[in-house]
Structures are given as C-alpha cells and as structure tokens.
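Read off the chains here:
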Amino acid sequence: MSARILAAIWRNYYRQIIYALLFGVILYASFYRGKITLRVSDMTLGVFNAVEAVPQQRARKIRTLEQELQTLRARQAGSTEVALVAAKLVRARHHSNGVILVSFDFAPDVSPELTPMAEAVVRHAFARGIRVVGIAAASAQGAPLAKTILENCAQNPRGLYPEQLSGTHYVYLGNRPDMFNTLMQMGKDMHATYETDYGGRALAGMPFMRGIKTFHDVDYLVVITGYVGVPETWMQIANTKYKAMIGMGMTAVSISGYMPYLQSKQITGLLPGLRGAAEYEIALGEPNVAVRRMVAQLFAHALVVFFIVVGNIEYLVRRRYGA
Amino acid sequence: MAPDTFMDLIGVWLAAVLSLCVFSFLFRDNILYRLTEAVFVGGSVGIGIVLTFWNGFYPKLVVPFQKFIAAVAQQPAQRWVWAAYMLLSLCLGVLFLSRFSRKQAWLSRFPMAYLIGLGTGMGIPLGIQTFIFEQTKATLIPLVVFQGELVQWAQINWIATLGNTSLVVGVLCVLYYFFFSFKKTDLFSRATSRLGVAYLMLGFGASFGYTVMARISLLTGRIDFLKEDWILGSLRYFGW
Amino acid sequence: MRAKLPMLICMVTGALLLLQFFVPHPFVQDTLLEWISNSAMIVGVFALAIGLASLLHMHGNKIKRRLPGWGFSVITLVTAAFVATIGLLKPAWGPTVAREQYVQCEPDLHGSIRTTRVVRVVHTLFGFDPQSSTTNVLIGAAIMPVRANRTPLYSWYFTYVHSALVSTTFCLLAFYMLTAAYRAMRIKSWEAALLMVAAVIVIIGQVPADQFVPLGHINGVSTFEWLKQLIMDYPNSAAKRSIIIGVALGGLATGIKILTGIERPYLGGGD
C-alpha cells in the first residue's frame, strides 16, 4: 500500500484507529499472566500504617481515659465531668481493637478505580480485627455499591480472616442527604443522624453501635471519593472542627490537587487511584484485581506516550516542510 | 458479578449489550446510542426520585413527624418549639416549588437565601482555618534542611533544601501571578509571573498525567467486565 | 420586602452559624446546631426535587410540542416512571429474589465458635417470594440472613442497567483523552513544552515501566518514579497550594459580601 493511501486512511480514520488500538492493547494486557512489582509509596503507607496502628491507638486511648477517670475521682470532681469521661471509657472499651469509619463517597461512574481500593482497606481492617462502620456520605447512588463491597469483603475472606458478620464486625449506615450537615451532626451524635442502618435496623438497639456515638469514638476515618468538594468538606468538618484523623483515597484525576493537604498533614495519607489500590494490596500481601489491572495501565500508558511523541514529530515535520 | 443464576445471566447480557451500544458512539452517532442514552437519562431521573424520597423525605420529614404526632401529649414545651421550627422549614422548602410559576417565582428567594446564609455562615470560619491557615502554616518551612538535628553546614540535605526553597518561591510566584489588580510591566513583575506560569504548567502537566491513569482505569474495568463476566462468565454458566 | 426580607434571612442565618464558633454554650453548640442541620436537610431535599422536576418538565414540553427527538423523550419519561415506581413501591417480586446466604454460628466441641455458610439458591422469575421481605435478623447470635433483597427489581435494574450505562459512558473519556493527547499535546511554546514534559514523566512514573525497559534508578527508586514524586512534592504542590489559598481568599471575600448583603445571588427568582 503506498504511503499516500496510508496517509489518506490515517487522515480520515485516525480516531477509529486510535480507539481500536487502545481497546486492543487493554484486551491483550488482560491476558498477561506475568508478575509485576510495584514500590509502595509514602502516600499509600500513610493510610496503611494509620490503619495498622488503630489497635495500639485504641489501647492508648483506653489507658488515657482510665488515668483521667482516676484523677477526676481522686480530686472529687463534679459528677457530670466524671460521668462524661466514664461514658467515653465505656464506649472505648466496647471495641477494644479499634474502629475505623470508611466513607464510600463514589458512584458507579468511578467504581472501577475506587472499588479495588475500598476492598483493600476494608479487608485490611477485617484482617486486623478492627471494626468497620461504613457510610456513603456524599453519594446516594453509591449507597448500594458500598453495601455490595462490604458484603463481598465480609463473606469472601480468602483465608485472611474469619467470615465477618453485619451487626457484629461491621455496620453499614448508608446515605443521608446534605453531606455538610450530615457530617456536622455526626460529629455530635451519629445515632441522631442515622437512626437506622441501611437494612432498616434501629441503631439504638444495636450492641455494635453502643460503642460509637461521635467521630471521637472512631480511631481513623478513610474517605474514598472521586468528586471534587467532598474531601474539602471532610477536612473542614472532621479534621478542622472535630480534630479527627483522616486518610483519603481518590481517583487519580484529583490527586495532584490534594498533595498540599498531605504535606500540611491535614490528611495522613493519600491513595492515588488504581496505583494506590495496587500498592495497598501489595502492602497487605494480597495482590488482587488492582495489581492485575496495572499491567493494562502499563501497556496503555506506553500507547499514550507513543502517540504524544508521534503527534509532536508530525507537528514539527509539518512546521518545517508544510502540510 | 459473574452470573450464577439465570436472571444474573440475562442481566449480564443486557449490561454487555448496553455497553456495546454506548461504545458504538465512538464510531458515529446512531440510533442505538440515542436509545441507550434516553434509557440512561430516564433511569437516572427515576433513581434520583427514589433516592430523594427514601434518603431525604422519609427519614427527615415523614418519620420525625410520625413520631412527634404519636407522642404529642407527652412532649415538653421545647419539642413544640422544635416542631414549629421543622414546620417552618417544611414551608420554606415547599416555597422552592414556586419556581414553576412565573408570577410567584420570587417566593423561592426565601429558601434560597436561607440555604446560602447557612452555607456561608458555616463555611467562612472553617474555610479560613482549613484552606488558609493550615496551608500557610505548611508553607512556612525551613529553607535550609540539615541531615541531622544540629546545624552543621557541611551536612546540608541539598535535595530537601532545593525542594523547600522551590516550594516557597513557587507558592509566592503563583500567588503573585494571580494578582491582577495592577499591570505588571517592570522586569521583576514579569519575571515573577513567568516563574509562576512555569510552576502552573508543571502542576497541570502532573494533573494530565494522573488523568490519563484515571481514564484508563475506567476503561480497563469495563473491558474486564466484558471479558470476565460476560464472555467467560457465560461460558462457565453453561459448563464450558 | 421581596428583596429586603431574603437579605435579612440570609444575614440572620449566617450570623447564627457564625455564633457556633464563638459561643461555647451547649444550647448553641448542640441544640441549635441539630435544629439548623435538620432544617437545612429538609429545605435541601426540596432543592433536589426541583432539579428532577425541571428535567421532567423539559422532556414533557418536548413531547407536547413534538420537537425533533421527541420519541426519545417518551422513552426517557417511561423509563423514569418505571424506575421511580419500582423504587418507591418496592414490590416484593422480581428477578433477584434468588439468593440468600445464612451464616450459622454454633460452638464446636472445643467451645470456640464455628461458622458455616448455608447458601440457598432459588430461581424465581417474577414470582412472589414471601422470604424476600426478611431483613437481617439476629436470634441469640445464631442464624442471621446475610443478603436478603427487599427491592429485587430495583436492585436488578441498578446493577445491570444503570451501573453498566454509567460506567460505560464515563469510560468513553479514555478514548477522547488519547485523541486529545495525540492532537493537542504539541510543543508550541515553552509553557506547552513544560506541561508535556511533566505529563510524560508522570505518565511513565506511575507504571512499572522499568520492569520491561531499563530506565535506571535514583536512590533505589526507578528514575521516572523518582522524578514523578519530585514534581508532585514540589512544583505541583506549590502551584496547587497557591490555587487553594487564592480560591479560599476569593471565597472568603464573596462570603463576607453575601453576609453583609452587598452580593445577593438568591435574588434570581424574578418578579
């Protein structure tokens, strides 16, 4: 085929050729069975180590509250003050291995990127005996998706931990409208915000929820989201107002805009999209979907770089020699 | 989502056909895509209605008022004030619907003003603390970093020193670039703005780089579904 | 009245919320906050309803006037009505009342708790299944249904139609991104060159390219990964931090203008 015919085909159908190449490259990569190694970055370790440290943090909190209660009783402090600290101690002892709150703030549109990340974090918590409270603060459409993720992790432990039961090891509260005010209320009283869990069971009668009332009864918050504005709301309310520790997992689109928050330590760690999910799986010792999909990423990225280079060569040649 | 029941199999096939109809748009706008798009928009509206009712109206309006009416004789005085306040909120919310009438649309200003006032009042102090104070604090970092704790000039950590200096200079230059209140004609202003633009270009380039990964992740997920759940899942369902 | 009263409402509610940060009294911190939060959620729910009603109104108008493409609007409205009906009425029958899993917890001979899973798969096709309305039930830590579906038809639609359509629509962006990379990333100026260099470094740095192509190492880390992290930690953070601070200052100025009544964005209701 002459160069002129090829050039004409390219000029008329370059879009379709590029689309077909991308589809083909990713499909080909899905059959690749080789092993890949990834370095776990500090951003991911920020979240991983924070979850690892939850049981020790809870133990420290219990000891601090016990000492505080002893001190208050020794100086015969007022009954209200003693009762407040005693109530906090009772709640802290209720889940002696610690509790994390995971907010699944995403919908099906970004689920291929965030579902592996969410599953890795939840599996990590279950493997360490940490209790999980799941919510979908920002996305009503993501509420059923989050339930599926939690159930999948609870019922398919893959040998990492015993099967987890809803109402005993984890609870899923679902979504409420108006995220800003929901979080503001949760900081004071989660039971008033979410009177029932997603399945309609009243929180008041649930033994699991006796140990959780506010953000202060949760040791770590993990926010997994793909929407701009959601991390800011969490930081403003949970971190600035209620001084809770937060880790974030985001779609890669948003990552570069949230690096400043990582540097200012407003968040402890940041999981960057599928790469973050793959790194988390490797840190956990359980490479899974995310690591497998990184192969497709590798091939696709090579294609992108190839087209950037080809595009620039074409541009320079045109500039030099005309169309 | 691999199918293990007959209805799951029907579902997976429907999902795959709909996905392929959407992909057909890559070649040309066609009737299959437009039909699928109409179903998508309609379904989104329907789901929006369902979620607004079950996540919004029902737990926040219907249930509290049912409880209040059921226990009305035992309510202390404070709860009557609470009920009046909630009724007022309900009336304010209903005023939103006046937007559909051209003559009475001005009534929707009240609930709008209420929501804007709430958002602004809460947002100002939190915004100052989260975005201005904390970020400024994180910019006040040592320009010279040493490897140990002691100030020993022979033990400068050059990478961290250059990095910190470039970070502080970068923040100041970009902030200066975005200051449009006066013309930047002198050499210092132009040079600072240019440096700010350079930082912005590096930042946007990094954003684009990450965007590539994000978009490809979505496509990878979809292709995974077509291959694993649709084709291989269907073959497994029939015992192959 | 039409302009002054909304302004007064805005100023008073804003001031009430500002009080939160300066008055530690429990009434302001707890009770007032709870009332205001609940009230905002109630008013906000109607704002959501407006958006949905506008969309329905637009499509209804298109059908009434037989505008081009009105047939598709019929499909849109029919689908919306179908999904809203099955979601609001929650019929007990449907295609996914087919799977229930039970986790049985009982002590074994040594006294520790043993869990066994009993899976019951029942194929139903629009048949009525009375079990479909059971929720999770704990009977003395014994049998507990783990996955009982109360909205089978709605869940089936959401999983297999809506999620598929949403995911696929968004993944079209990958194709457009690649053609944009080919068409638009040209070295036309020094700024474009900087952008492109940063983009290429980050694109290569994110994937384990050094496993297939020797790219060298710096400090034990692949070269491109090290460069990527350098770009993210310093120039990217500097640029984004300035944008965050700038936007926050602008937002603060706008907020103060709104609270003092200089700017009145809520007056778009028309007279």
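The shown structure was predicted, so the numbers you read here are calculated from the model rather than taken from an experiment.

A. Region of interest: the overall build of chain C. On a plain count of helices and strands, chain C comes out with 6 helices and 5 strands. In chain C, the succession of α and β elements from N to C terminus is α-α-α-β-β-β-α-α-β-β-α. Looking at chain C as a whole, 37% of its 271 residues are labelled buried. Counted over contacts in chain C with a minimum sequence separation of 6, partners at least 24 positions apart contribute 49%.

B. Layout of the overall build of chain B. If you tally the helices and strands in chain B, you get 6 helices and 0 strands. Each helix (α) and strand (β) of chain B, taken in turn from the N terminus, gives the series α-α-α-α-α-α. Expected size for 240 residues packed as a compact globule is a radius of gyration near 18 Å; at 30 Å, chain B overshoots this value by more than 25%. When its C-alpha atoms are laid out on the principal axes, chain B stretches across 75 × 70 × 45 Å. Burial statistics for chain B: of 240 residues in total, 41% are counted as buried. Contacts in chain B between residues at least 24 apart in sequence constitute 30% of all its contacts with a sequence separation of at least 6.

C. Quick peek at the packing of helix H7 (residues 179-186) of chain A against helix H2 (residues 26-64) of chain C. As a packed pair, H7 of chain A and H2 of chain C sit with axes 9 Å apart at the nearest point and diverge in direction by 155°. Taken together, the axis directions place H7 of chain A and H2 of chain C in an arrangement best described as roughly antiparallel. The interaxial crossing formed by H7 of chain A with H2 of chain C has left-handed handedness. Contacts between H7 of chain A and H2 of chain C involve Asn181, Met184 and Gln185 of chain A from the first element and Leu33, Glu34, Ser37, Ala40 and Met41 of chain C from the second. Here the contact of H7 of chain A with H2 of chain C is built from residues that sort into 4 nonpolar, 3 polar and 1 charged.

D. Representation of the sheet that holds strand E3 (residues 170-174) of chain A. Residue and element names in this part refer to chain A. With parallel pairing, 6 strands are arranged side by side in an open sheet as E3-E2-E1-E4-E5-E6. The outermost strands of the open sheet, each flanked by one partner alone, are E3 and strand E6 (270-272). Sheet twist, expressed as the mean angle between neighbouring strand axes with direction ignored, is 15°. As paired strands, strand E1 (residues 99-105) and strand E2 (residues 131-135) are joined by 5 bridges and run parallel to one another.

E. Summary view of the interface of chain C and chain B. Across the boundary between the two partners, chain C contributes 106 residues, which contact 101 residues of chain B. Counting residues per element, the ones that place at least two in the side of chain C that touches chain B are helix H1 (4-19), H2, helix H3 (70-89), helix H4 (152-184), helix H5 (190-205) and helix H6 (223-259) of chain C. Classifying every residue of the side of chain C that touches chain B gives 75 nonpolar, 24 polar and 7 charged.

F. Structural context of the interface of chain A and chain B. Between chain A and chain B, the contact holds 36 residues from the first and 33 residues from the second. At the level of elements, helix H1 (3-29), helix H5 (111-127), helix H9 (230-241), helix H10 (252-263), helix H11 (273-284) and helix H12 (289-321) of chain A are the ones that each hand at least two residues to the side of chain A that touches chain B.

G. Inspection of the pairing of strand E5 (residues 246-250) of chain A at higher detail. Residue and element names in this part refer to chain A. In terms of burial, E5 is largely enclosed, as 5 of its 5 residues are buried. Pairing of strand E4 (residues 220-225) with E5 involves 5 bridges; the strand directions are parallel. In the sheet register, isoleucine 224 faces E5, and the bridge partner there is glycine 249. Considered for its hand, the β-α-β crossover made up of E4, H9 and E5 is right-handed.

H. Up close: the packing of H10 of chain A against H6 of chain C. At a minimum axis separation of 8 Å, H10 of chain A and H6 of chain C run at an interaxial angle of 95°. The orientation of H10 of chain A with respect to H6 of chain C, classified from their angle, is roughly perpendicular. Residues Ser256, Gly257, Met259, Pro260 and Gln263 of chain A of H10 of chain A touch H6 of chain C, and the partners they reach there are Met232, Asn236, Ser237, Lys240, Arg241 and Ile244 of chain C.

I. Structural view of the nonpolar core. Ranked by size, the top nonpolar core spans 211 residues in total, and within it Ile100, Val102, Val121, Val122, Leu221 and Ile246 of chain A carry the most contacts. Once residues within four sequence positions are removed from consideration, isoleucine 246 of chain A is found in contact with Leu221, Val223, Trp234, Met235, Ala238, Asn239 and Ile267 of chain A.

J. A look at the pairing of E1 of chain A. Residues and elements named next belong to chain A. Along E1, 7 of the 7 residues are buried, which leaves the element largely enclosed by surrounding structure. Here E1 shows two buried faces, one formed by Val99, Leu101, Ser103 and Asp105 and the other by Ile100, Val102 and Phe104. Following the backbone out of E1, through H5 and into the adjacent parallel E2, one traces a crossover that is right-handed. As defined by bridge partners, E1 adjoins E4 across 6 bridges and the pair is classed as parallel. In the sheet register, leucine 101 faces E4, and the bridge partner there is leucine 221.

K. Molecular detail of H6 of chain C. All names here are of chain C. Compared with the 54 Å implied by 1.5 Å per residue over 37 residues, the 52 Å span of H6 between its first and last C-alpha is a close match. The sharpest bend along H6 measures roughly 40° and falls at serine 237. Two residues or fewer after H6 comes glycine 261, characterised by a positive phi angle close to 85°.

L. Structural context of the environment of serine 96 of chain A. Residue and element names in this part refer to chain A. Residue placement: serine 96 occurs in the loop between helix H4 (79-94) and E1. In this structure serine 96 comes out as partly exposed when scored by C-beta crowding, with 13 C-beta atoms within 10 Å. C-alpha separation for the pair serine 96 and alanine 29, spaced 67 residues apart in sequence, amounts to 45 Å.

M. Quick peek at helix H6 (residues 187-237) of chain B. Taking 1.5 Å per residue, 51 residues should reach 75 Å; H6 of chain B reaches 72 Å between its end C-alpha atoms and fits that length. Following H6 of chain B by one or two positions, glycine 239 of chain B adopts a phi angle in the positive range, close to 85°.

N. Spotlight on the confidence of the model for chain C. Residue and element names in this part refer to chain C. Summarising the model, chain C shows a mean pLDDT of 78, and 76% of its residues fall at 70 or more. Note that pLDDT drops below 50 for residues 127-148; the model gives that stretch 51 contacts with residues more than four away or on any other chain. Taken over the whole predicted complex, pTM reads 0.88, whereas the ipTM for its chain interfaces reads 0.89.

O. Spotlight on unusual backbone geometry. Even without being a glycine, lysine 243 of chain A presents a positive backbone phi close to 60°. Positionally, lysine 243 of chain A belongs in the loop between H9 and E5. Non-glycine residue asparagine 219 of chain C carries a positive phi angle of around 55°. Examined against the element boundaries, asparagine 219 of chain C turns out to sit in the loop between strand E4 (217-218) and strand E5 (221-222). For asparagine 219 of chain C, a count of 7 C-beta atoms within 10 Å gives the class exposed.

P. The arrangement of the environment of leucine 65 of chain A in detail. All names here are of chain A. Relative to the helices and strands, leucine 65 resides in helix H3 (residues 54-74). Overall, leucine 65 belongs to the partly exposed group, with 19 C-beta atoms counted inside 10 Å. Residues leucine 65 and alanine 87, spaced 22 residues apart in sequence, show a C-alpha to C-alpha distance of 10.0 Å. Excluding residues that lie within four positions of it along the chain, leucine 65 makes contacts with Val85, Lys88, Leu89 and Ala92.

Calculation notes
- Counting restarts for each chain, with residues numbered from 1 along the sequence as it is written.
- Chains and ligands are labelled by the order in which they are written, letters from A for the one and numbers from 1 for the other.
- Two thresholds apply to this predicted model, a pLDDT of at least 70 for residue-level local features and 80 or more for giving and counting side-chain atom pairs, whereas whole-chain, interface and lining totals are computed over all residues.
- Runs of H or I in DSSP of at least four residues are treated as helices and runs of E of at least two as strands, each being numbered from the N terminus.
- To sort residues by exposure, count the other C-beta atoms lying within 10 Å of each residue's C-beta; 20 or more gives buried, 12 or fewer gives exposed, and values between give partly exposed, all with C-beta atoms placed from the backbone.
- Residues are treated as contacting if the C-beta atoms built from their backbones sit within 7 Å of each other.
- Atoms counted for the radius of gyration: C-alpha only. Globule rule: 2.2 Å times the number of residues to the power 0.38.
- With axes taken as lines fitted to C-alpha atoms, and helix axes fitted only over the stretch in contact, angles between N-to-C directions fall between 0 and 180 degrees.
- These descriptions rest on fixed angle ranges, namely under 35 degrees for roughly parallel, over 145 for roughly antiparallel, 65 to 115 for roughly perpendicular, and the rest for oblique.
- When the near helix sits turned anticlockwise from the far one by under a right angle, the crossing is termed left-handed; a clockwise turn instead gives a right-handed crossing.
- Residues are grouped as follows: Ala, Val, Leu, Ile, Met, Phe, Trp, Tyr, Cys and Pro are nonpolar; Asp, Glu, Lys and Arg are charged; every other residue, Gly included, is polar.
- For two strands to pair, DSSP has to find at least two bridges joining them.
- Handedness of a crossover is defined as follows: with both strands directed away from the viewer, a clockwise route from the first strand across the helix to the second makes it right-handed.
- For the purposes of this analysis, a nonpolar core is taken to be any set of buried Ala, Val, Leu, Ile, Met, Phe, Trp, Tyr and Cys residues that are connected through C-beta atoms within 7 Å.
- Helices are assigned an expected span. That span is 1.5 Å times one less than the residue count.
- What the bend at a residue measures is the angle between two axes, fitted to the seven residues ending there and to the seven starting there.
- Think of pLDDT as the predictor's per-residue confidence, scored from 0 to 100.

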